[in-house]
Amino acid sequence: MSLPLKELIRIGQNQLRQAGIADADRDAKDLYCYLDRLDAVGLMMHWQNVLQDNTCEAYFQLIERRVSGEPIQYITGQQEFMGFSFKVTPAVLIPRQDTETMTEDAVEIIKKGSLRGEKYTEAGIKDVLDLCCGSGAIGLSIAKLCPGIKMTCSDISGEAVKIAEENAASLNLKSVRFEVGDLFAPFCGKLGKKKFDLIISNPPYINTGVIATLQKEVRDHEPLSALDGGPDGLTFYRRIADEAPLHMNKNGILMMEIGYDQRQAVMQLLTEAEKFCDIICLKDLAGKDRIIAARLKGKKDK
Ligand code: GLN
């Protein structure tokens, strides 16, 4: 079965479309590019080529994996985030576009002290923690875009931290620190608590009961431990609201991604913790509530 490339891709697109894959046309092309190590231009240049049997077979095996619901990013092993290429495996959540918004906000606050153009802090930000870092997408992008800061990335999953370390190496980031442990556990040393100027986090925040209703790509392939936020989805926000203040420098800032319907609950948790002020919510590109920012209360803050 030797086929011209354009015919092979047409068949691949049809198979993905019939399986109800949303981005069938693009995925079919991307899977070929991955197989033959081509970019979009290379694909066009090979468009009329007639392919060998074994190439067609290898291609249809990839199509089959995608048909069965495996996310394309786990097949190709990579995802773009903030213009950087991140290695991803099933040990880490696939970085989402929604999360780029929070990363951009963090870069703004580090560089200008403002959030979406509004002054938010006078204090300089040097020491930054990406808590629950997964692939390292947030923390490593910030480290690339703000070379003056000290970045630490931590996660409960040693496997995830290994991927984040590989990503740091391929992004040529040499001074990022990595820790494995449950939330702030790695930062509670005998010499006292390690403190940061900015703690940023995309913790697991899906209600346990909702997980079964997620797209099969997410539900059956992404790490449950990166998604499951407990019975009400708020377990990690509760713990972070409680523990983060002990790890924040004076004027420290906390930024967290939230689910589109968690604004009120998370703002309330932070208010009730009585340690935060200037608690605000920012929206993602789709106009949904997505980010909560808060500042550690100082003596002068109400
Ligand atoms: N945004 C992810 C999703 O909807 C969830 C990420 C998380 O739990 N932190 O699948």
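My aim in this report is to walk through the structure given alongside it, one point at a time. Note that this is a predicted model, so its numbers are computed, not measured.

### A word on the packing of helix α2 (residues 24-36) against helix α4 (residues 53-67)
The N-to-C vectors of α2 and α4 enclose an angle of 130°; their axes lie 10 Å apart at closest approach. Considering the angle they form, α2 stands oblique to α4. When you trace α2 past α4, the crossing you get is right-handed. Touching Asp27, Ala28, Lys29, Leu31, Tyr32, Tyr34 and Leu35 of α2 are Thr55, Ala58, Tyr59, Leu62, Ile63 and Arg66, all from α4. Of the residues in the contact of α2 with α4, the class split is nine nonpolar, one polar and three charged.

### Digging into the pattern of salt bridges
Summed over the entire model, instances satisfying the criterion amount to 22 salt bridges. A salt bridge links aspartate 232 to arginine 238; the shortest N-O distance between them is 2.4 Å. For arginine 238, a relative accessible area of 37% corresponds to the partly exposed category. Arginine 290 is the salt-bridge partner of aspartate 284, the closest N and O atoms lying 3.0 Å from each other. Overall, aspartate 284 belongs to the buried group, its relative accessible area being 6%. Since its relative accessible area comes to 7%, arginine 290 is described here as buried. Taken together, the salt bridges that share partners define one network made up of Asp23, Arg26 and Asp30.

About the thresholds
- Residues numbered from 1 in each chain as written.
- Predicted model: local features only at pLDDT ≥ 70, side-chain atom pairs only at ≥ 80, totals over all residues.
- Heavy atoms only, no water.
- Axes fitted to C-alpha atoms, helices over the stretch in contact; angles between N-to-C directions.
- Helix = DSSP H or I, 4+ residues; strand = E, 2+ residues; numbered from the N terminus.
- Parallel < 35°, antiparallel > 145°, perpendicular 65-115°, else oblique.
- Left-handed = near helix turned anticlockwise from the far one by under 90°.
- Contact = heavy atoms within 4.5 Å.
- Nonpolar A, V, L, I, M, F, W, Y, C, P; charged D, E, K, R; others polar.
- Salt bridge = Lys/Arg side-chain N within 4 Å of Asp/Glu carboxyl O.
- Buried < 20%, exposed > 50% of the residue type's maximum accessible area, 1.4 Å probe, protein only.

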